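Listed below, chain by chain, are the residues.
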Amino acid sequence: MPERLRKLVDIRLGDLVTMELEVQPTCATMYLMPEHYGTLEPLLERLASQGVKLIVYQWELRGDRWKPRLVAQGKGWWLYRAAVVEPREKAPEALALSARLLRRLISCELWPC
């Protein structure tokens, strides 16, 4: 990650259910197996309702409550928000950057696995 961006990003590794956040996040990225979504759905719902953008990689959130919240998607990623916003044909540059960073993290390029 470029040095100028490091102070803007806080990457945490841990149990999302028990993790205590001192500051409300603006965005949360997730790479979770679909069978865990049911367990995390109350937390994801609370985050989205508080205005946190949810970027989900590889497996989209399913169900009627998530369809209206989908605002952008790309190859293998989906962005959800609390407010219903018209989907865009192309993802903004910032979202494309988030997706690229997430792919690099998952591939252990930036974060040791």
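This text gives an overview of the structure that appears in the document. Keep in mind it's a predicted model, so treat the numbers as computed, not measured.

## With respect to the side chain of Arg69
Along the polypeptide, Arg69 turns up in the loop between β2 (53–57) and β3 (70–74). Those residues in contact with Arg69 that sit more than four places away from it in its chain are Glu45, Ala48, Ser49, Leu79, Tyr80, Arg81 and Ala82.

## Some details on the packing of aromatic side chains
Per the counting criterion, the structure on display carries three aromatic pairs. Residues Tyr31 and Trp59 carry aromatic rings whose centres are separated by 5.7 Å and whose planes lie at 55° to one another, so their mutual orientation is tilted. Taken together, the residues Tyr31 in the loop between β1 (27–30) and α2 (37–49) and Trp59 in the loop between β2 and β3 connect sequence positions 28 residues apart. The exposure class assigned to Tyr31 is partly exposed, which follows from its relative accessible area of 39%. Ring geometry for Trp66 versus Tyr80: centroids 5.8 Å apart, planes at 80°, classification edge-to-face. One end of the pair, Trp66, is in the loop between β2 and β3; the other, Tyr80, is in strand β4 (residues 77–80), and 14 residues separate them in sequence. Summarising the burial analysis for this pair, Trp66 and Tyr80 share the class buried. Lying over the aromatic face of Trp66, Arg69 brings its terminal NZ or CZ to 5.3 Å of the ring centre.

## Here we look at the sheet that holds β3
The strand order across the open sheet built from four strands is β1-β2-β4-β3, with neighbouring strands paired in mixed fashion. On the outer flanks of this sheet lie β1 and β3, each paired with one strand and no other. The average undirected angle you get between the axes of adjacent strands in this sheet is 15°.

## Notes on the pairing of β3
Sheet analysis places β3 next to β4, joined by four bridges and oriented antiparallel. Among the inter-strand pairings, Leu70 is bridged to a residue of β4, identified as Tyr80. Hairpin connection of β3 to β4: two residues between the antiparallel strands, including Gly76 at a positive phi of 85°.

## Some points on the environment of Trp77
Note that Trp77 resides in strand β4. Exposure remark for Trp77: the relative accessible area of 6% places this residue in the buried category. Separated by 47 residues in sequence, Trp77 and Met30 place their C-alpha atoms 9.7 Å apart.

Conventions and cut-offs
Residues numbered from 1 in each chain as written. Predicted model: local features only at pLDDT ≥ 70, side-chain atom pairs only at ≥ 80, totals over all residues. Heavy atoms only, no water. Helix = DSSP H or I, 4+ residues; strand = E, 2+ residues; numbered from the N terminus. Contact = heavy atoms within 4.5 Å. Phe/Tyr/Trp six-rings, centres within 6.5 Å; stacked < 30°, edge-to-face > 60°. Buried < 20%, exposed > 50% of the residue type's maximum accessible area, 1.4 Å probe, protein only. Lys NZ or Arg CZ within 6 Å of the ring centre and 35° of its normal. Pairing = 2+ DSSP bridges. Axes fitted to C-alpha atoms, helices over the stretch in contact; angles between N-to-C directions.

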